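This is what each chain is made of:
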Amino acid sequence: GAVVSQHPSRVICKSGTSVKIECRSLDFQATTMFWYRQFPKKSLMLMATSNEGSKATYEQGVEKDKFLINHASLTLSTLTVTSAHPEDSSFYICSAPLRQGGDTQYFGPGTRLTVL
Amino acid sequence: AQSVTQLDSHVSVSEGTPVLLRCNYSSSYSPSLFWYVQHPNKGLQLLLKYTSAATLVKGINGFEAEFKKSETSFHLTKPSAHMSDAAEYFCVVSQGNTPLVFGKGTRLSVIA
């Protein structure tokens, strides 16, 4: 099956610093990737849709200046949490469809962000 | 608009007994329906999906789900639970390339 990787798997940072999370499709190209946030014992909340070659589409209530998304190539999307605060601590997960417009998403293993 | 309701936040079964995780959906058009499993601190793994073919869908690890349009349900079942099945399960609905809509999840506990 399709493989999506995320790096790092776990990161701890100080309040006020920025953290970059990478999402890669390892064996397929993804013009679209999705970023989710998951709070403890909660479901996934879609944050934004990352589009290769154009701006990301953010869900209502998600600060685009806070969560910067760059879809640099057909296999890489990055999420940068700028000026992180403790309330940004969460589990961040990306996903990508195997083909453009496909409905089956393949998920990365997630990144656990802890902001001290 | 689409929505998903997972009727149980927590299900506990004994090892070797059947598993039933319930899911009801709402969708304007013919949806695609999925079940994903998430083990602690891990990403999501696709268990199975329904995309308007056979209404009884078989997935990995012995799981299956039946699409019932009249009941707008897509319940997940397994005849015999294993300890390794203990995880969080998400029912998900999608239409084409629209973002996935997740249920709130059901935590499955398996008792030895």
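Just above, that's the structure.
A few points on the structure. (Residues numbered from 1 in each chain as written. Chains lettered and ligands numbered in written order. Predicted model: local features only at pLDDT ≥ 70, side-chain atom pairs only at ≥ 80, totals over all residues. Heavy atoms only, no water.)

### A few points about the side chain of Ser 73 of chain B
- Assignment of secondary structure puts Ser 73 of chain B in strand E9 (residues 73–78).
- If we ignore the near neighbours within four places in the chain, the residues touching Ser 73 of chain B are Cys 23, Asn 24, Tyr 25, Glu 66, Phe 67 and Lys 68 of chain B. (Helix = DSSP H or I, 4+ residues; strand = E, 2+ residues; numbered from the N terminus. Contact = heavy atoms within 4.5 Å.)

### Comments concerning the interface of chain B and chain A
- Tallying the contact residues gives 20 residues for chain B and 18 residues for chain A.
- With both sides pooled, the region where chain B packs onto chain A buries about 1500 Å², and carbon together with sulfur makes up 56% of that total.
- When the buried area of chain B at its contact with chain A is split by residue, Asn 41, Leu 44 and Phe 102 of chain B rank highest and sum to 28% of it.
- Our count for the chain B to chain A interface comes out at 0 salt bridges.
- Across the chain B-chain A interface, the total number found is 5 residue pairs in polar contact (both at pLDDT 80 or more).
- Of all the secondary structure elements, the ones that give two or more residues to the side of chain B that touches chain A are strand E5 (32–38), strand E6 (44–50) and strand E10 (87–94) of chain B.
- The leading source of residues in the side of chain B that touches chain A is E5 of chain B, at 4 residues.
- Tallied by class, the residues present in the side of chain B that touches chain A amount to 8 nonpolar, 9 polar and 3 charged. (Buried area = accessible area lost by both parts, 1.4 Å probe. Salt bridge = Lys/Arg side-chain N within 4 Å of Asp/Glu carboxyl O. Polar contact = N/O pair within 3.5 Å; in protein donor to acceptor, adjacent residues only side chain to side chain. Nonpolar A, V, L, I, M, F, W, Y, C, P; charged D, E, K, R; others polar.)

### A word on the environment of Cys 13 of chain A
All names here are of chain A.
- Within the element layout of this structure, Cys 13 appears in strand E2 (residues 10–13).
- Since its relative accessible area comes to 8%, Cys 13 is described here as buried.
- Sequence separation between Cys 13 and Pro 86 is 73 residues, and the spatial gap between their C-alpha atoms is 9.4 Å.
- Cys 13 has contacts with Val 19, Ala 84, Leu 113, Thr 114, Val 115 and Leu 116, leaving out every residue within four places of it along the chain. (Buried < 20%, exposed > 50% of the residue type's maximum accessible area, 1.4 Å probe, protein only.)

### Here's the deal with the pattern of salt bridges
Residue and element names in this part refer to chain B.
- For the structure on display, the rule yields 5 salt bridges over all chains.
- Note that Arg 22 and Asp 8 form a salt bridge whose closest N and O atoms lie 3.0 Å from each other. With a gap of 14 residues between them, Arg 22 in the loop between strand E3 (19–21) and strand E4 (23–26) and Asp 8 in the loop between strand E1 (3–6) and strand E2 (10–14) connect regions that are remote in the sequence.
- The exposure class of Arg 22 is partly exposed, given its relative accessible area of 32%.
- Measuring nitrogen to oxygen at the nearest pair gives 2.8 Å for the salt bridge that ties Lys 78 to Asp 85. For the residue pair Lys 78 and Asp 85, the accessibility class agrees, reading buried in each case.

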